[in-house]
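# Working through the structure, step by step
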Amino acid sequence: MTETTTPTGPRPPSQRLVVAVDGPSGSGKSSVSRAIARRLGAAYLDTGAMYRAVAWHCRHQGVLDDPDAVVAAVQDMDLVLSVDPDHERVVVGTDDITEAIREPGISAVVSVVATNRAVRELLVARQRAEIDAHRMIVAEGRDITTVVAPDADARILLTASAEARTARRAAQLGGTVEAKDLAEQVSGRDAKDSTVVDFMTPSDGVGLVDSTELDFEATIEAMLAEITRQQSARMTDSTTKQTTNPEGDRA
């Protein structure tokens, strides 16, 4: 049974809330976004898990080296991805791959599919459909604020120094990965994925939260504060427009 939490934190009068979070590897965006979804009583979409599932599926099918075959595999892929922040579950066909997609072998090849532009287009469509299906959702990845949900109620780039991100990933993996492989997982994958999307610099209207000097709870609070700030700004802007032109534009 899923634990019931009491929603706290910001939400608009309409009760519709889409929070878009981007960031590099090891920035904490997955764990922080999941925690924020719990606080808000919202769904949680881990788009990175979606790309990892595709990488697993294509490796399982033996087509990773063929870009066109990868696209075809994605088109026919039967994927179930949980959006419950308290219950991670990833299933392809009849295979539960929740644990398998976190293995180092998948981390090493996920950029093969993530840098395939045709694959990104297919997955972006799935991600938008998932966001549209939920009244409140926190979606995180690398192109959520700019491509997937540029009109989200709040858009945030969560980052940290390269040193902090590497140390966090090392702690997460419990010292089971060698230094050179760890560097590839963090900086190496960022370098590859940045060839198709910029997730290191916030675009116009995207708030920046740097968690280098923040612990987990402080990062959550900083993110919630930024969500509130952006919501307030949007409401103020909407009110100003209504006051300036109360009857709307006339032809």
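It should be emphasised that the depicted structure is a prediction, and the values quoted were computed from it without experimental measurement. Positions within a chain are numbered from 1, following the residues in the order the chain's sequence is written. Local features are withheld for residues below a pLDDT of 70 in this predicted model, meaning they are given only at 70 or higher, and side-chain atom pairs are given and counted only at 80 or more; totals for whole chains, interfaces and linings count all residues. Note that the side-chain values use all heavy atoms of the structure and ignore hydrogens as well as water.

A separate point is the overall build of the chain. Summing up its helical and strand segments, the chain has nine helices and eight strands in all. Relative accessible area decides the class of each residue, using a 1.4 Å probe on protein chains only: under 20% of the type maximum gives buried, over 50% gives exposed, and in between gives partly exposed. Taken over 251 residues, the chain has a buried fraction of 47%. In the chain, once contacts between residues fewer than 6 apart in sequence are set aside, the share between residues at least 24 apart is 77%. Accessibility throughout is a Shrake-Rupley quantity obtained with a 1.4 Å probe, and a residue counts as covered only by protein chains that appear here. Total accessible area on the chain stands at roughly 12,500 Å², and carbon and sulfur atoms take up 51% of it. Counting from the N terminus, the helices are the DSSP runs of H or I reaching at least four residues and the strands are the DSSP runs of E reaching at least two. Any two residues whose heavy atoms approach within 4.5 Å are treated as being in contact.

Before going further, it helps to spend a moment on the environment of Ile156. Relative to the elements of secondary structure, Ile156 occurs in strand 7 (residues 154-159). Considering only alpha carbons, one finds Ile156 and Val19, 137 residues apart in sequence, at a separation of 7.9 Å.

For the rest of this paragraph, the subject is the sheet that holds strand 5 (residues 95-96). Two strands are counted as paired when DSSP detects at least two bridges linking them. Sheet architecture is open: three strands sit in the order 3-4-5, paired in antiparallel fashion. On the outer flanks of this sheet lie strand 3 (79-81) and strand 5, each paired with one strand and no other. The convention used is that axes are lines fitted to C-alpha atoms, helices contributing only their stretch in contact, and that angles between N-to-C directions extend from 0 to 180 degrees. Lying on the sheet, helix 2 (residues 47-61) is in contact with strand 3, strand 4 (90-92) and strand 5; it crosses strand 4 at an angle near 35°.

In this section: the nonpolar core. Here is a general trend for soluble globular proteins: nonpolar side chains tend to be buried in one another's company. Nonpolar core, defined: a set of buried Ala, Val, Leu, Ile, Met, Phe, Trp, Tyr and Cys residues in which side-chain atoms within 4.5 Å join the residues together. In terms of nonpolar packing, the biggest core is built from 42 residues, with Leu45, Val54, Cys58, Val90, Ile97, Val113 and Ile131 touching the most fellow members. Top contributing element to this core by residue count: helix 2, with eight residues. In this structure Val90 touches Ala49, Ala53, Leu79, Val80, Leu81, Asp95, Asp96, Ile97, Thr98 and Ile101, once residues within four positions along its chain are discounted. Ile36, Leu40, Met136 and Met223 belong to the second largest nonpolar core, which has 20 residues in total.

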